[in-house]
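The lines below spell out each chain.
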Amino acid sequence: MRQLKNLVHGLRSLINRQRANGEIDEEIDGFLEASAAHKQQNGMSPEQARHAALVEMGSRNTLKHRVWSVWWESAAENLLKDVQLGLRSLAKRPAFTLVALLSLALGIGANTAIFTLIQQVLLSELPVRSPNELVTLGDATNSGIAGGVDVGQYGFFPWYAARQLEANPGPFQGIASFGSFLAKVSVRLPGAAGASQQAQLAAAGLVSGNYFKVLGAHAFLGRTLSPADDSTPDTGAVVVVSFHYWQSVLSSDPAILGKTLTINGTPFEVVGVMPPGFEGLKIGLDLADVWTPSTMQTVILQKPSMLTPNSGLFFLNMFARLSPKAAADPHVRAQSQLWLEQQVHSMIRAGEGGTISAARQKEIEHETIPLVPASHGVSYLHDTYRQSLWVLMAVVVLVLLIACANLANFLLARAATRQREIATRLALGSSRARIVRQSLIETLILSLGGGILGLAFAFAATRALIAFVSEGNAWIALSPAPNATVLLFTLGMSLATGALFGIGPALAITRTAAQHSLSSSSRTAGGGRSKAARWWPKSLIVGQVMLSLLLLVTAGFFLQTLRNLQHQDFGFERNFLLLARFDARLAGYSPVQTAALHQRLIDRLSSIPGVQSVALAETPPISSGNWRSNISLSGYTPAPKENMNSVLNRVSGRYFETTGISIVSGRAISATDTANSLKVAVVNEALARRFFPKGNAIGQTLTIGIDSVKGPWQIVGIARDTKASNPRNEKPELMTYIPLAQIDAFLPADAAAPSAPKQENQDRYASFILLRTSGAPSARIADLRAAIASVDPHLPLIDVSTIGEDVARMMGKEELSSSLTSIFAVLALLLAAIGLFGVMNYNVAQRTNEMGVRLALGAQRQNVLWIVLREALLLLSLGAGLGLPLSWAASRYVRDQLFGLKADDPLTYAGALIVVSCVVLLSAWIPARRAAAINPVDALRYE
């Protein structure tokens, strides 16, 4: 209570100083009266007593100052005065202040922008209970449906295995599953009068009934899914919606609970709305709009049931919640890992059936599923941009160091011009500590001002970065607005910058000023400078040259990597190719109806003016989500455990003509390859070389390890190798192309139930339309949409892009790294040039007398020019001598991100050195010319 009273009293005194002075005067008057009264009691007269009391008290103003100094508000007042003095001092030098603020704003803002992304993409934990207890069972980053693999391999699990682990979590608090990918579904919203509105597309996630419970997430409205919702296949038509979907699509309807959403033609009851910020465990560019029980798989995926023990299809990722002891103790966690592996081994053995060989038993015993920490979730952005963001963070820290070196140089130069002022203040009794504090406060004002400007720069830069990494998605779970963590980071960086790079110049002011003579014999402000005072600015310039060289080498690596990726041979023609993704299932087409639909689409799209050819396919020529399977070939016996995996693509006639993939032998798939003709296939050169090195691939047959497209298929052509899935792959993948029209309408009959009705073949659908145009593909987008609508207005186009845009998106992290590193390298070089120019210009000003004397004694102007340039060359040599080895040592950290060049590429180092040398020499040339042009008479009069 007493401390609070003192605080309130102090604040009142600071606000109303006149009142505080009055209170001190009253206390002094009271002391005088008491002292005089005491002296009168000892026999003095009133006049003598008052006079003696005044003499005893001394100077009234001195006493008032001593009383005020005892209070804490005195220190606060002095600090405010120092701040006011610092602001006035900076305002008197607007050019210096502006350059310093902009330099710091760019450095701090760049760090804040990159840290904002790092904090959201790499450091943010899931908004759930105890996220540190969450682990995924294996690597859950893979997406899709796999077959013919062991339990847990590639992070995939079948439904029956997931059910066993969910029912018996063993040492875990719980185990849950979720679909490895989001499905695009058709959603009809409830109308005002009970009618349904026009269908919209949404992203749906399949999850187990205990998904939200194991995550530790609670609903914002209503409830989450429960195990009862997910008990039996084809039951549990309930849905939980995301907060964003509830706001943007459902108009934040407070009465949404209990209403019906019609998903793919099936009514689902809305039972809950998740809170803002919750996006699920697996976070990609496409975020889940709704979550449904995994038992509704046939409705959501529009595929035959995969919820049977013998389906052989793996489409679920799994995660678990560790016990608190396992989360804290690695030994307990290892026991949980051992239990999980035992369960997996049992599942694999049960799936083998019959007798298991000793060799297979040994293989099974070596199968393992690691427990991967999932406190940050499973994120596409995390995996894609992790290395790039940390590299960029290191880059912007170097930029900030260069900006801080400039600030330190500016302050040192400014300190030299204030030596007379500081020397006078020291002579008049001012303490060195007070002068250092005032100088440090000026620096902190600059750094805090730079931090505030940097936040504005960071907000704009972060928005641009988010727009880049979102790859065109309208909604992404990233925000450019700085949160409390980012604000604290910026504040801490600003204070650290001011303190670390301001204390040196502050101490230099008092040290040099104390040695400075106030006599007229000290003809210039720099006349009394010590060796240390001259050495520090130059050492900072050497550091700037060194760091600039490092940044330029890094930027050169990334620029060449991007150029090599962009200009490599992809194996297909990347110009004038338009892609459109569609899903006939969402418009109600069954597999039997697809052949007629595909033909109508090809006929209608071929009539568009400017379209040269049209084709349909499951995937475009390059795609991150490919269809794969093991294959077997006639005339080839694989070795034990040999990888026989091939990328598959189902295509229409004219696919190779449309994509520009040349046929090197045999023929392409054509429109004459129909359901009634011989089943044919085209393979790529890599597959033909590997399995048929004698060149006899054509005429051989192959079978595919997927029942729906098993074959056999006869190889009739060999296509050129292409970059099928990743522009970085230097070794071509094995490719197999089969005709869409030759895929059977129904799946093979089940031998165990021959009387069961036949199931339609879901692999008859095409997913992409490909158009080869005679002009800019983007000019045909409106015609494409109109043509699709004329065939069927209900057929949804999910996405339209050019092949160039798709390829560019696949090289997103390379483009981000190269672009930003280049920008920051240029910025760093500019800052270094400004610093060098300032130091050389200041040195010329300090040596004006010397230059005048040299010229007066007959020195040539070229000699004076060389004196200045020689100093710049020395600084350049020192900076390069340190920067080149540092760049070579740092190159190992970016080696894995390079493509088409080595980390010791001499051209990159030479190019960076030439650029730095040109900038340094140009920055020194202007002050050097001014020095050579000095008039000796004026120089000798210079003060």
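So, here is what we can say about the structure in this document.

Definitions and cut-offs
Residues numbered from 1 in each chain as written. Predicted model: local features only at pLDDT ≥ 70, side-chain atom pairs only at ≥ 80, totals over all residues. Heavy atoms only, no water. Helix = DSSP H or I, 4+ residues; strand = E, 2+ residues; numbered from the N terminus. Buried < 20%, exposed > 50% of the residue type's maximum accessible area, 1.4 Å probe, protein only. Contact = heavy atoms within 4.5 Å. Areas by Shrake-Rupley, 256 points an atom, 1.4 Å probe, with all protein chains shown as cover. Core = buried A, V, L, I, M, F, W, Y, C linked by side-chain atoms within 4.5 Å. Pairing = 2+ DSSP bridges. 1 Å grid on protein atoms, 1.4 Å probe; cavity = no way out; pocket = protein on both sides within 12 Å on 5 of 7 lines; lining within 4 Å. Points joined across faces, edges and corners; volume = space filled by probe spheres on them. Nonpolar A, V, L, I, M, F, W, Y, C, P; charged D, E, K, R; others polar. Phe/Tyr/Trp six-rings, centres within 6.5 Å; stacked < 30°, edge-to-face > 60°. Lys NZ or Arg CZ within 6 Å of the ring centre and 35° of its normal.

1. Some words on the overall build of the protein chain
In terms of helices and strands, the protein chain carries 28 helices and 26 strands. Per-residue burial over the protein chain gives 49% buried out of 943 residues. When contacts within the protein chain are restricted to residue pairs at least 6 apart in sequence, long-range pairs at least 24 apart make up 81% of them. Only carbon and sulfur atoms are counted for the fraction: they give 58% of the accessible area of the protein chain, which is about 43,200 Å².

2. Digging into the nonpolar core
One recurring pattern in soluble globular proteins: nonpolar side chains tend to sit buried together. Judged by nonpolar contacts, the single largest core of 76 residues is most densely connected at Ile 114, Leu 381, Leu 478, Leu 551 and Val 916. Where this core is concerned, the elements lending two or more residues are helix H6 (94-123), helix H14 (380-417), helix H16 (432-469), helix H18 (531-567), helix H24 (812-846), helix H25 (848-856), helix H26 (861-890) and helix H27 (906-932). Among the nonpolar cores identified, the runner-up in size contains 55 residues, and Ala 162, Val 185, Trp 246 and Ile 356 belong to it.

3. Some details on the pairing of strand E11 (residues 290-293)
In terms of strand pairing, strand E5 (residues 200-207) meets E11 through 4 bridges, oriented parallel. Pairing of Gly 205 across the sheet is with Trp 291, part of E11. Pairing geometry for strand E7 (residues 238-241) and E11, over 2 bridges, is antiparallel. Directly across from Val 241, in E11, lies its bridge partner Val 290.

4. Digging into unusual backbone geometry
Between Gly 711 and Pro 712 the backbone carries a cis peptide bond, its omega angle lying at 15°. Inspection of the secondary structure assignment puts Pro 712 in the loop between strand E22 (701-704) and strand E23 (713-719). Phi angles above zero are rare outside glycine, and Ser 252 is one such case at about 50°. Mapped onto the elements of the fold, Ser 252 is located in the loop between helix H9 (243-248) and strand E8 (260-263). A positive phi is found at Phe 576, a non-glycine position, where the angle reads about 60°. Its location among the elements puts Phe 576 in the loop between H18 and strand E16 (577-582).

5. Quick notes on the side chain of Ser 548
Mapped onto the secondary structure, Ser 548 falls in helix H18. Residue classification places Ser 548 among the buried residues on the basis of a relative accessible area of 1%. Those residues in contact with Ser 548 that lie beyond four places of it in its chain are Ile 402, Ala 828, Leu 829, Ala 832 and Val 916.

6. Here's the deal with the layout of surface pockets
Approximately 660 Å³ is the volume attributed to the second largest pocket. In this structure, the second largest pocket is lined by 29 residues; those nearest its centre are Gln 120, Gly 277, Glu 279, Ala 477 and Leu 478. Where the lining of the second largest pocket is concerned, the elements lending two or more residues are H6 and H9. Of the residues in the lining of the second largest pocket, the class split is 15 nonpolar, 12 polar and 2 charged.

7. Quick notes on empty space enclosed by the protein
Tallying each qualifying case throughout the model produces 11 cavities of 30 Å³ or more. By volume, the largest cavity amounts to about 60 Å³. Considering the residues around the largest cavity, the lining is formed by Ile 541, Gln 544, Val 545, Ser 548, Leu 829, Ala 832, Ala 833, Leu 836, Val 916, Val 919 and Val 920. The set of elements that each furnish at least two residues to the lining of the largest cavity consists of H18, H24 and H27. Considering only residue class, the lining of the largest cavity consists of 9 nonpolar, 2 polar and no charged.

8. Quick notes on the packing of aromatic side chains
Going through the model one piece at a time under the given rule, you end up with 18 aromatic pairs. Aromatic pair Phe 570 and Phe 572: ring centres 5.8 Å apart, planes at 65°, arrangement edge-to-face. Each member of the pair, Phe 570 as well as Phe 572, carries the same accessibility label: buried. An aromatic cluster is present here, built from Phe 178, Tyr 211, Phe 212, Phe 278, Trp 291 and Phe 319 joined pairwise through their rings. Sitting over the face of the ring of Tyr 765, Arg 585 holds its NZ or CZ atom 4.8 Å from the ring centroid. Note that Lys 679 overlies the ring of Trp 713, its terminal NZ or CZ placed 5.1 Å from the centroid.

Remember, this is a structural readout, not a statement about activity or role.
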